[in-house]
Amino acid sequence: QDDRWYPSKLEVLRRAISGAQLSYSDTRLVDASGRVLAASLWERRRNNHTNFASMLIANTVPGAASLMRREVVDLALPFPDAPGDLFHDHWLSLVAMAIGELSYVDRPLYDYVQHRGAVQGKMVGEPEARHDDLRGAGRLLLHAAREPFTGWRAAYFHGYVTLALQAEVLRLRGSSRIARRKLRTLSRIVACERSPVNFAWLALRPLRAAFGRGETLGAEMHLAKGILWRHAVALRTRGRQTPKGSAHDSSLPPPGSFEQRRLRRWRALR
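Residues numbered from 1 in each chain as written. Predicted model: local features only at pLDDT ≥ 70, side-chain atom pairs only at ≥ 80, totals over all residues. Heavy atoms only, no water.

Now for helix α8 (residues 196-204). Restricting attention to buried positions, one finds in α8 the residues N198, F199, W201 and L202. Each buried residue of α8 sits inside an arc of 155° when the element is viewed along its axis, so together they form one side. Along α8, the residues that are exposed and aim more than 90 degrees away from the buried face are P196, V197 and L204. Contact partners of the buried residues in α8: α2 (52-57), α7 (180-191) and α9 (219-236). (Buried < 20%, exposed > 50% of the residue type's maximum accessible area, 1.4 Å probe, protein only. Helix = DSSP H or I, 4+ residues; strand = E, 2+ residues; numbered from the N terminus. Arc of directions from axis to C-beta. Contact = heavy atoms within 4.5 Å.)

This part covers the environment of W91. For W91, the location among the structural elements is in helix α4 (residues 88-99). Along the primary structure W91 and L77 are separated by 14 residues, whereas in three dimensions their C-alpha atoms are 10.0 Å apart. Excluding residues that lie within four positions of it along the chain, W91 makes contacts with A76, F79, P80, L86, Q166, V169, L170 and R173.

On inspection of all chains with the given rule, the structure shows six aromatic pairs. Judged by centre distance (5.1 Å) and plane angle (75°), the ring pair of Y156 and F157 falls under edge-to-face. An identical accessibility class is assigned to Y156 and F157; each is buried. A centroid spacing of 5.8 Å and a plane angle of 65° characterise the contact between F157 and W229, whose relative ring orientation is edge-to-face. One end of the pair, F157, is in helix α6 (residues 147-174); the other, W229, is in helix α9, with 72 residues separating them in the sequence. In textbook terms, an aromatic cluster arises when at least three aromatic residues are bridged by ring pairs, as seen for Y156, F157, Y160 and W229. Over the face of the ring belonging to W5 we find K9, whose NZ or CZ atom lies 3.6 Å from the ring centre. (Phe/Tyr/Trp six-rings, centres within 6.5 Å; stacked < 30°, edge-to-face > 60°. Lys NZ or Arg CZ within 6 Å of the ring centre and 35° of its normal.)

Our focus in this paragraph is the confidence of the model for the chain. Chain-level pLDDT for the chain is 84 on average; 78% of the residues reach the 70-or-more range. Averaged over each element, pLDDT in the chain is lowest for helix α5 (residues 134-145) (48) and highest for helix α1 (residues 9-17) (98). Per-residue pLDDT stays below 50 along residues 127-134; that stretch engages in five contacts with residues further than four places along the chain or on separate chains. (pLDDT = per-residue confidence, 0-100.)

Below, the structure written as structure tokens:
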């Protein structure tokens, strides 16, 4: 990594881990020349290291900020084979939080170097197309018009399905070590696709932001759109042997597709 660790980083994280399974710190965002872009990772988002459901839905633990116990790695490996992007830091933080607690150090212990051309891990936004790039702008307008179909399909396969797979694998691997309350949360995530009650729980969670609990940045609505898309396609194609129309294509979005790249950027910012 090209991130710049402070001299005390490992020492502080080791002291902080105490009885927890994983410790992590805040980070300062800088550009390649060292110019400070943000003094804290949490200037625009609420940190979370105590709510397991929120951690499932939206990660808050950067991999480079973490120190974990060996037992976390033993349970985490091998990584689940998901259809979408499975971020290593999200999976490791889920495993750690499932079997224990997380410890947070409320100060930066390293500089997180930001690159405009990075595929993942960009915490500083940038325009998707230059104003003078008419062809690029035209493509974006075309894809925006198709958003109800393409974006929601990616939200299902590369968003909800990946999350449900992580929850199911974690539940199967660590059931004897995971607290009953957390096991219920894992089961609830898996059941969202087929249970109206659990789907309502997911769709209504963004209301927590009104009470200062917006650590997921409304990611639940993105997942809910994916689940709704899946049922809409099922209704649209009911009774047909060969569904017609690309707008109702229920196949896995191809690797490198516009919708997959868009979802990757969306998830990386969270």
